[in-house]
Each structure stands twice: as structure tokens, then as C-alpha cells.
Amino acid sequence: MTGGEHRHRHGQRGSARDDDETHAGHDHAGHADIFRKRFWLTLVLALPVIVFSETVQGWFGYSMPEALTDVVPPVLGTVIFVYGGRVFLEGGWSEIRARQPGMMLLISMAIVVAFVASWATSLGFFDLEFWWELAALIVVMLLGHWQEMKAIGQARSALDTLAALLPDTAERETGAGIEKVPIAELRLGDVVLVRPGGRVPADGEVVEAPAELDESTLTGESRSVVRNPGERVTGGTVAVASSLRFRVDAVGDDTALAGIQRLVEEAQASGSRTQALADRAAGLLFVVAASVGVLTFLAWWIGADDPTQAVVRTVTVLVVACPHALGLAIPLVIALSTALAAQQGILVRDRLALERMRQVDVVMFDKTGTLTTGDHRVVDVAAVDGDDVARIVALAGAVESDSEHPLARAILAHAERSGPVPRGYGFRPMIGRGVEATVDGHRVAVGGPALLREAGVEMPAPLREWAEPWTARGAAVLSVVLDGRVVGAIALEDRVREESR
């Protein structure tokens, strides 16, 4: 299985066959484009059916040529019934076989009764005319079906985004050196090399030296995380600052990323209490409509001794019983709500959770990646011993210029906006501590508290007082060390999203 096949397997699982396919109830599968074309063609065919309908002509007081009135509705109505009504007939048959009457069976009953009654009228047996009702019913239901499939397709794009996190290839260590292989060829126990800026292709354990990982795509945490030997790494995360070697212990469907994809798929396939209630209501309504239809027929046949009126009244009951609004609104609202959530990065594990939201009084947020953008920016710079702020920024930018770390990119961007950035030489990353390089003949290091502890230096008191408020509010404070002496510090914060309020 190639990387592309892997993405297809996990990102497209459950997609429909090219032909229309309908399952029982509302678990329809199919391409939105197919239903879009079916809806528009059926709508075009339905318009002349409605215009040439005798009932509609009587309502609006106009008349059409009798020859066309007798021909257009039956011919086009039959095409609409066969072409547009197929998905509902298949769905109704599936519900019959499953012995679970629901919405599709109720719709099928209405369009079949309307079709048979209309043809019986066209052939002169009864004085009924349901061609316009048949056409309008199928058009409305196809519209809902199309929008539902469209919404489900939009929600599935979240799966595609997750699948795209995995690279197509991996660099595997062998006795002969490093070989590049498709990720499908990775096996448990393989040792894989991930270069700085590369994505981890599978789950595993770090085998040598600490490594920094950007896990924001999976956890939302904007700060990189240090993983020491023996600790786990997850497929789809990004190695920063230095290379990573890990031993594979999970591939394919066993990875954490695949598990997240399964949760999303299950959420999209799960029904909600509202949907279940609608299906139960439709099933009950089918039984009620069929029973009332039988009673209506017997009442007019026996009580009024009028077989023709018995058929007319029975057909009317069965056609009117179809719940147009219920069949259109419930699945559409549920599908759209899930799709809109997925587009905003909210992966709902169970659609029931959306309904329970109305009972929520308090919400707890993990700020990073949720209320924030996940991208740090420099918010303040401090200098000591007469060193100016511009020099601190330039030194830090020079050191960080060769780093792929998210904080390094933010410092470099700020330095480039502030003025010219000198060249740094001899760049050396120190995992979990910081980075260092030579700038204008001086050894300069940039890093956090671990860097200062390792170097055996302390931050001057004025700088500590400056840093305390930033640290208290969650900012990252990095010290700038020049030739073994702390000369300044930089505070970086994750930006709050404009829409967070």
C-alpha cells in the first residue's frame, strides 16, 4: 500500500460507489455531484408536469392545449418516477428487508401510490391527478438528499486533512545505510530517520538522543515537545531543530492518527437522538397511514357503497401522509451541523454531543490551537548592561536563522522586520535547551531556563523582574547569552484568534 493508497484507505473509507447507493433509513452513500445532477434534471422535467397539470390549471385559471395536457404529465411523470424516485424506492425496499419501516418507506409509499393512481386516471379508471404532486415530492426529497450528501462530503474533508499529515515515504536504517521506502513497507521494529522539518511516518519510540517535535497538528499545542529516548512519538508530527531516530511500534490502522480518523468516521456515521426520533416517527406514521388508508377504503366501500370514491379517498390519505418537511429537514440539519463543525476544526465523536450542547453551562478550553492561532510572535524584548534592544534582536535573529523551530522562525521574522540581521556561523542545536552560533566573532546562545542551568549562569535581577509577568501569563521567555553572560531576553506569545471572544 503506497502513501497515496494509505491516504485513500483512511481518508476515503466509506465513500460511495460510482452508482447511486441507498441504505436503510438515512445512511445513504453517494456522491453529492450525482444527486445534484439528478435534482436539477428532475426539476427541469417537473416544471412542465406542473404547468400542464389540470389541477394547477384550475387553481390559476389558465388552460393549455388538451393534447399536451393528456400527454406531457404522464410521460414526464413516469421519467421522474423512474429516474428521480429510484433512490427512495431502493431505500424503502431496504427498510422492508430489514423490517424497520422508516422515512424512505414512507416516501416510497407516497410516490408509488401517486404514480399508480395517476396512471389509472390517465387511462380513464379514476378521476385522480397526482402527477404534479408526484413530481414536486420527488424534487423536494432529491434536494434534501443532495444537500445531505454535500454536507457529508464536506465533513469527510476533515479525514482527508488528517490523512495528508503522513508523508509518502520514510528513511529506514539498514545494515547498508539509509534507504527511502514507501511508508507501507515499514515494519514493526524498523528504525526510521526523520530529518529536521520532516514528518514522522508512523508511531514509535525514540531510540537515541532527545528530539523536539511539533505536535500542534494533533494536539493543538503550539510549543514543541521534547521526547527523550524511550518516549513515544506519533505519526504526523514534525521533527524540529534536529533529526530524530525512532523504532516503529505501530503502522497502518494501529497508529494514533488512524484511530483519530476512525473516531471521525464513526461520528459521521452515528445517528443522533433527533434522527432516531424522526425515523421512529416515520415508521409509526407509515403504520398509521396504512391503517387509516385501509379504514378509509372500507368506510367508503361499505358505508357509502361507492368503490370509486373509496379508491380516491384512500389514495389521498396515503399521498398526503408523506412528511415532506420531516424527511427534508432532519437529516439535512444533522449533516450540515457535522460538516460545519468539521470545517472549523471541531471533530465531533458522537452527534449526540451536538444535541447535548444546549445543556452545557461551563466550557473549559485548552488555549493553544483552540483560542490561539498556534503561531508564536515576539511581544517584548529586554536588554541589560547598556546593550540596546535592537542589538539583542539582531543577535538572536542571527543565531536562529538556521533553525526550523517555530520559536526560532518567530524571532527571525521579528529581527528581519527590525533591521539587518548579521550572519551566524557554526550553528548548533541543543535539544530541549536552545541553540548557539558564532556571530561577529562572539559565541551567542538563545534558550530557556535549561540553557542557563547547563551554562551555569543566572539571569540578572532586573531581567528576572521583567520576565516574571510574562512567564506568569504563559509566554515563552528566552534568554540571549553573549560569551557566557546573559545580555537580554525575548518574550514570545501565541496569538489569540480574533474570533475567540
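Summary of the structure given here. (Residues numbered from 1 in each chain as written. Predicted model: local features only at pLDDT ≥ 70, side-chain atom pairs only at ≥ 80, totals over all residues. Heavy atoms only, no water.)

Quick look at the sheet that holds strand 7 (residues 232-233) now. The six strands lie next to each other as 2-1-3-9-4-7, forming an open sheet whose pairing is antiparallel. Either end of the sheet is taken by a strand with one partner, and the two such strands are strand 2 (177-182) and strand 7. The sheet contact formed by strand 3 (residues 191-194) and strand 9 (residues 244-250) spans four bridges and is antiparallel. Among the inter-strand pairings, Val191 is bridged to a residue of strand 9, identified as Arg247. (Pairing = 2+ DSSP bridges. Helix = DSSP H or I, 4+ residues; strand = E, 2+ residues; numbered from the N terminus.)

The relative placement of two packed helices comes down to the angle between their axes together with the axis-to-axis distance. Closest axis-to-axis distance for the helix 4 (residues 66-83)/helix 6 (residues 103-122) pair is 11 Å, and the angle between their directions is 160°. In terms of axis orientation, helix 4 runs roughly antiparallel to helix 6. Seen from above, helix 4 lies across helix 6 with left-handed handedness. Residue-level contacts link Pro74, Thr78 and Phe81 of helix 4 to Ile111, Val112, Phe115, Trp119 and Ser122 of helix 6. Broken down by class, the residue content of the contact of helix 4 with helix 6 amounts to six nonpolar, two polar and no charged. (Axes fitted to C-alpha atoms, helices over the stretch in contact; angles between N-to-C directions. Parallel < 35°, antiparallel > 145°, perpendicular 65-115°, else oblique. Left-handed = near helix turned anticlockwise from the far one by under 90°. Contact = heavy atoms within 4.5 Å. Nonpolar A, V, L, I, M, F, W, Y, C, P; charged D, E, K, R; others polar.)

If you look at the biggest cluster of nonpolar residues, it comprises 41 residues, and the most contacted ones within it are Ile80, Phe88, Ile111, Phe130, Leu134, Leu142 and Val315. Ignoring sequence-local partners within four residues, the contact set of Val315 consists of Val113, Ala117, Leu128 and Phe130. Val393, Ala396, Val399 and Val446 belong to the second-largest nonpolar core, a separate cluster that totals 24 residues. (Core = buried A, V, L, I, M, F, W, Y, C linked by side-chain atoms within 4.5 Å. Buried < 20%, exposed > 50% of the residue type's maximum accessible area, 1.4 Å probe, protein only.)

Judged by which residues are buried, strand 3 turns out to be covered on both faces: Val191 and Leu193 on one side and Val192 and Val194 on the other are all buried. As defined by bridge partners, strand 1 (residues 169-174) adjoins strand 3 across two bridges and the pair is classed as antiparallel. The residue bridging Arg172 from the neighbouring strand is Val192, located in strand 3.

For the structure on display, the rule yields eight aromatic pairs. Between Trp119 and Trp131, the ring centres sit 5.7 Å apart and the planes meet at 85°, which makes this aromatic pair edge-to-face. Of this pair, Trp119 sits in helix 6 while Trp131 sits in helix 7 (residues 131-163), placing them 12 residues apart in sequence. For Trp119, a relative accessible area of 31% puts it in the partly exposed group. On the basis of relative accessibility, which here comes to 2%, the residue Trp131 falls in the buried class. Aromatic ring contacts, followed pair by pair, group Phe81, Phe115, Trp119 and Trp131 into a single cluster. For Arg38, the ring lying beneath its charged end belongs to Tyr83, and the centroid distance is 4.4 Å. (Phe/Tyr/Trp six-rings, centres within 6.5 Å; stacked < 30°, edge-to-face > 60°. Lys NZ or Arg CZ within 6 Å of the ring centre and 35° of its normal.)

So, on to unusual backbone geometry. In this structure, Asp440 takes a positive phi of about 55° despite not being glycine. Counting through the fold element by element, Asp440 comes out in the loop between strand 12 (434-439) and strand 13 (442-447). For Asp483, which is not glycine, the phi torsion reads 50° and is therefore positive. In this structure, Asp483 sits in the loop between strand 14 (476-482) and strand 15 (485-496).

Keep in mind these values describe shape, not function.
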